[in-house]
Amino acid sequence: MASLSEEVLLVVKRVRQRKQDGTLYLMAERIAWGPEGKDRFTVSHLYADIRCQKISPDGKAKIQLQLILHTGESTTFHFSNGSTALKDRDATKELLQQLLPKFKKKANKELEEKNRMLQEDPVLFQLYKDLVVSQVISAEEFWANRLSLNTVEHSLSNNSKQEVGISAAFLADIRPQTDGCNGLRYNLTSDIIESIFRTYPTVKQKYAENVPHNLTEKEFWTRFFQSHYFHRDRISTGQQDIFSECAKQDEKGLKSMVTQGVKNPMVDLLLLEDKTLDEGYGTATVPTTSNSSNKSLRENSNSAIIKRFNHHSAMVLAAGLRKADAPSDQASETSSTDGNSRDSDFFQLPLKKVKLQESIEYDDLQGDSGRKTIALNLKKSDRYSHGPIPLQSQHYTTSQDIINSISIIQHEMRNYKPRLTQVMSSNAASSAITALSPGGLLMQGGGQQTINQLVPTDVQIELKHLYTAAGELLRHFWSCFPVNTPFLEDKVVKMKSNLERFQVTKLRPFQEKIQRQYLSMTLMGHLEEMLQAAYSKFQVWQTRRMMRKT
Amino acid sequence: MKLNIEGLLVYFPYDYIYPEQYSYMLELKRTLDAKGHGVLEMPSGTGKTISLLSLIVAYQKAYPLEVTKLVYCSRTVPEIEKVVEELRKLMDYYAKQTGVKNDFLALALSSRKNLCIHPEVSSLRFGKEVDGKCHSLTASYIRAQHHSNPSQPVCQFFEEFDAVGRQVPIPPGIYNLDDLKDFGRRKGWCPYFLARYAILHANIVVYSYHYLLDPKIADLVSKELAKKSVVVFDEAHNIDNVCIDSMSVNITRRTLDRCQTNVETLQNTISRIKETDAAKLREEYRRLVEGLKEANVARETDIYLSNPVLPDEILQEAVPGSIRTAEHFVGFIKRFLEYLKARLRIHHVVQESAPQFLKDIYEKVCIDRKPLRFCAERLRSLLRTLEIADIADFSAITLISHFATLVSTYSKGFTIIIEPFEDRTPTIANPVLHFSCMDPSIAIKPVFGRFQSVIITSGTLSPLDIYPRILDFRPVTMASFTMTLARTCLCPLIVGRGNDQVAMTSKFETREDFAVIRNYGNLLLEMSAIVPDGIVAFFTSYIYMENIVASWYEQGILENIQRNKLIFIETQDAAETSMALEKYQEACENGRGAILLSVARGKVSEGIDFVHHFGRAVIMFGVPYVYTQSRILKARLEYLRDQFQIRENDFLTFDAMRHAAQCVGRAIRGKTDYGLMIFADKRYARADKRGKLPRWIQEHLTDGSLNLTIDETVQLSKHFLRQMAQPFRRVTTRTFLSLFNDLNQA
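Residues numbered from 1 in each chain as written. Chains lettered and ligands numbered in written order. Predicted model: local features only at pLDDT ≥ 70, side-chain atom pairs only at ≥ 80, totals over all residues. Heavy atoms only, no water.

Draft legend 1. Seen up close, the overall build of chain B. If you tally the helices and strands in chain B, you get 33 helices and 20 strands. Radius of gyration (C-alpha) of chain B: 28 Å, near the 27 Å computed for a compact globule of 746 residues. Going through the 746 residues of chain B one by one, you find that 64% of them count as buried. Within chain B, counting contacts between residues at least 6 apart in sequence, those at least 24 apart form 80% of the total. (Helix = DSSP H or I, 4+ residues; strand = E, 2+ residues; numbered from the N terminus. Rg over C-alpha atoms; globule rule 2.2 N^0.38 Å. Buried < 20%, exposed > 50% of the residue type's maximum accessible area, 1.4 Å probe, protein only. Contact = heavy atoms within 4.5 Å.)

Laid out in structure tokens, this is it:
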């Protein structure tokens, strides 16, 4: 038996299921139950299939545990081992509680995905209702080629798991507590240490250098918290401090960041001013010779705090981005390597252009044409432009006629000059427009009434649904051709029957309905035609197959 | 779309138009028709620039003889480039609609730093270095030397341009700074000189204020612009300060020391030349006798030395005899220098007017007013004659000569203040002579006088009537347009109290108060928890911000804020701030959210936009009054009171409120944008402050939001943000079109 090789995590004897005594096994991937004295399991559920477990309330005489599956079925186990029944049940419950979430994720992901798709796409949902709920095709069939589309991109996004960022306030979280005897206690967790290392690589380096040969871990952190590096507002006292080097390196890093300049020219304050006033002009009292000598100690520490915050925020930001950034941001790399030299103009140009364009857009003034469309990707454009040509005899104007008339109109448009001082008053203009619109004074006679004026909306909606459903089925059907594998043969037969079923269960009632409402039957014409086309194709295929067989 | 603006066909490159844009164009057209000046206020983000450009271009096309040129002045380089891009969009639209190829020439002009393509020169980082280096390669005598001595390096781009660039006009089109550089590279011409030459015949010129307002530059760059030009000052809310800055001079002891060495160099050079080439000096003398109207062959390249005063008055006269020879002039400068040195050796503050100064200098060292007036021009001539190669070093003596000319030219509108030390450090002697301009109309007067229409426009010009007064001109139109909003996308709130009912204010007496600082901190903390993405907070001054940040740090408020958002802080170093800004945007971009602490009147508050998620809330901590104890300011206030009858308090409030409006306006850059504007000072609720905010902010300031506590603010903000986070449907814009039709009826 296959289950023998499985690891059994828990065995509970004397568990009744359907009034039969038996033993419950909890294994690594499934839960199983076998009746007393028999060598096989009559009940076996993968954890992944289980939606949840329920237990009977404590006061109840029967001590039970119910498993509810995703399919909606449920299995109930009755623990009947007298005194230890409650304990047994709780042990099982505990273990299941631990196990289920692990599997839940895996199972639910697909389900969630399906659910999400249905929720996001009302058309798909309607389709699902029409086809699956009314049991025209099965759920698996329905999803078969839908999910495959998504799994590709989905797996892509799944693989690159998002890195967890760093809280900006991680240093604040290590609030020191007085321990009562003239000391401070800092609470460090591994998360905080991780954050410190990621934000301040120099500290990590120091740690690697000194722990454990020079200092114990505890000593290291004690020194860290004592150092002026941690309390940046304290001015360095020049003691033997292993972190003074860190501070220097940070300073250097900050400097290099500053000299590297910024990539976005719109925020570069150095480039903002076109022409600065020469030295000596202007009223603004420039902080003359801002030596640190005439600055007070306090001012110095204040600006150190400000610097520290800028640096800290930048480091936190960088730590969060470091990994995600590496592959994607090539453009920025090129521009950052050569810093702010003028040669980088070539790299800067596109970015600058883009930023400029962005800043002058008024998207709410733009017409609707600005809406994003999906580009049509044609492999053979000539086939698209010619398309299937209907072989109906119709009166066509020759292309020469069309060209001529267009050129005449163009000519007239070109010579059109609005006489702005003598324009029609807008009252007159708007009355003319109403007269010329459908239903207006001049437009009453002719004009075909369109479907949306003829047919009540509920019928329209139903028709739309039928169209999408039929389209979906037909898509399945046509996708089977050319039929070259036995699987496809099966499928095409099934699809045909699906179509027929659809026609019987859905189209017929609708047809009757519109007949009852005395609406024109032409509404259905096109749907029928599409189905007929599919049937005849199927007929052709079947006779050909018969011929080949005989 | 095409618009009919009182009979003028205007092409507008969008399918819809905001009603205020339409009214803006209407007012603008009336101004142009009347050939007068205008003051127009319209909130940022309502497409001011494109309305301006559309109308003026249409006007130019319709009446090419009435308006020959549009001179568009903006403030910063990115803004200049934005304008040109909008213009490009408009011109593309014209070309598409009419099918006629664009025959307009429009270009941006900027300093050498932004336009140079010489590989060596352009690699320099600071504008001044680039200018100096450029000059050492292109000055007329350098090029003359190159003729005789080919090893003397010159700039091949300039040579190429000089040889052929002037004959072949630059083809019509829209040239942004980068386009000019590209064009220059292709042709091998210097883009900077090309642009400077091309603005003379361009239809549209876009450049910065300084080219028109700073007489030192305007004289050379913009002197020959046609009278029938329309001049637009965009973002003009600070124009008075630009004017004043360009006319004011500060002299420190260091300046004088450097000037001293300059004088010595001059003296040595003169004596050397005298031995070798005395004819040259004689030639100069002859030229000076004839007057300064010399053929200015070399003038174009020698711009750094032009006269700070408006030249026409002087150029007619000849240089007075006493400073005509080189030695006499150097001696004259020396005397002047000694006098200034003596004046700086003082122990108390001295304030005097220009005539007093002139009287004193005449009594002490017998320097007359007339030769002083010619100082700048005379020095210019001398430096050119002496062919001093490394000219950048002579900035000190140039400054002194400018001061001499200015002080002797203007008897009114200026004041001289000599301070022996800085107020904050009375023990350290650091004497400074401020020669400060108090009347912005002096610098801008020639602009109003010369051009037929000058439009002053900005998002924040309230109260409108003060600008004509301080700039001394008579506008034909003054209008303030409000923003029509499909949804109330801005939410100004005035927070006056903390939850403990302690008044919140940056008033001088209470600004160090612990409770106030803590309440400010709590406000920021609470907001950081509820506002998504970016918050920008402005303080009234840098020192104030430093202090508050330090005490917030001590109280642990900053740490709590960090739990919600990253913190970035503006520093006094521009490069560092740029980096902080970029990181701030990055943090907003990736969803972490950030807070930027910044300073009103700082570079960030003036030049950086915080669109959409970069600024969902702006908090203005306190009222950004200017530092009132400064003597220069006091003198200016006095002058304003005496000359223009503007009360001191009115002006101070006006100044503070325009900066506050600028700060909070940074966050709303369009109608699809939204943001909170939090004024955290109870003084904002007073009518005199509130009334000076731009109309488009005032409108949304309800009585219920005037004196809120922090808790109330949080509640209101939550409500606002939740409302704004709903998807913005475009249906509402549709109504604009029909509204426009209604407008057209009138």
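Draft legend 2. Just the UniProt feature "domain: Helicase ATP-binding" (unreviewed entry) in chain B, in detail. Feature annotation in UniProt places "domain: Helicase ATP-binding" (unreviewed entry) on residues 7-285 of chain B, given in this structure's numbering. Secondary structure across residues 7-285 of chain B divides into 57% helix and 13% strand, with the first and last C-alpha atoms of the span separated by 60 Å. (UniProt positions renumbered as here; feature names shortened; annotations may be inferred.)

Draft legend 3. Just the pairing of strand β15 (residues 490-495) of chain B, in detail. Residue and element names in this part refer to chain B. Taking burial as the measure, the 6 residues of β15 include 6 buried ones, the bulk of the element. A two-sided burial pattern is seen for β15, the buried positions comprising Leu 490, Pro 492 and Ile 494 on one face and Cys 491, Leu 493 and Val 495 on the other. Across 6 bridges, β15 lies against strand β20 (residues 675-680) in parallel orientation. Along β20, the bridge assignment pairs Cys 491 with Leu 676. (Pairing = 2+ DSSP bridges.)

Draft legend 4. Layout of the pattern of salt bridges. Residues and elements named next belong to chain B. Under the definition given, this model contains 49 salt bridges over all chains. For Lys 29, the salt bridge identified is with Asp 33, shortest N-O distance 2.9 Å. Here Lys 29 and its partner Asp 33 are both found in helix α1 (residues 19-34), 4 residues apart, which amounts to about one turn of the helix. Lys 29 sits in the buried class, given a relative accessible area of 5%. The shortest N-O distance in the salt bridge between Lys 692 and Asp 650 comes to 3.8 Å. You can see Lys 692 sitting in the loop between α30 (687-690) and α31 (695-698) and its partner Asp 650 sitting in helix α29 (residues 648-665), a full 42 residues away along the chain. Through salt bridges that share partners, Asp 240, Arg 601, Arg 636, Asp 655 and Arg 658 make up one connected network. (Salt bridge = Lys/Arg side-chain N within 4 Å of Asp/Glu carboxyl O.)

Draft legend 5. Geometry of the pairing of strand β3 (residues 37-41) of chain B. Residue and element names in this part refer to chain B. Taking burial as the measure, the 5 residues of β3 include 5 buried ones, the bulk of the element. Side-chain alternation along β3 places His 37, Val 39 and Glu 41 on one buried face and Gly 38 and Leu 40 on a second face that is also buried. In the sheet, β3 pairs with strand β14 (residues 475-480) via 5 bridges, with the strands oriented parallel. Looking at β14, one finds that Gly 38 is bridged to Thr 477. Where β3 and strand β13 (residues 453-458) come together, 4 bridges link them in parallel fashion.

Draft legend 6. Fine view of the environment of Gln726(B). All names here are of chain B. With respect to the helices, strands and loops of the structure, Gln 726 is situated in the loop between α32 (710-724) and α33 (731-745). Take Gln 726: its relative accessible area is 47%, and that puts it in the partly exposed class. A distance of 2.9 Å separates the side chain of Gln 726 from the backbone oxygen of Arg 722, its partner in a polar contact. (Polar contact = N/O pair within 3.5 Å; in protein donor to acceptor, adjacent residues only side chain to side chain.)

Draft legend 7. A look at the interface of chain B and chain A. Tallying the contact residues gives 106 residues for chain B and 77 residues for chain A. Counting the surface lost from both chain B and chain A, the interface buries some 8500 Å², and carbon and sulfur atoms represent 55% of this. A per-residue breakdown of the area chain B buries against chain A is headed by Tyr553(B), Gln562(B) and Met579(B), which together make up 8% of the total. Across the contact surface, chain B and chain A share 0 salt bridges. The biggest single contributor to the side of chain B that touches chain A is helix α26 (residues 574-589) of chain B, with 13 residues. Grouping the constituent residues of the side of chain B that touches chain A by class yields 35 nonpolar, 35 polar and 36 charged. (Buried area = accessible area lost by both parts, 1.4 Å probe. Nonpolar A, V, L, I, M, F, W, Y, C, P; charged D, E, K, R; others polar.)

Draft legend 8. Here's a closer look at the nonpolar core. Counting 182 residues, the largest nonpolar core has Tyr207(B), Phe233(B), Leu266(B), Leu340(B), Phe403(B) and Ile456(B) as the members making the most contacts within it. With near-sequence residues (within four places) excluded, Ile456(B) lies in contact with Gly38(B), Val39(B), Leu40(B), Phe233(B), Ala236(B), Ile239(B), Phe448(B), Leu461(B), Leu471(B) and Phe473(B). Listed in part, the 67 residues of the second largest apolar core include Ile192(A), Phe225(A), Leu596(B) and Phe610(B). (Core = buried A, V, L, I, M, F, W, Y, C linked by side-chain atoms within 4.5 Å.)

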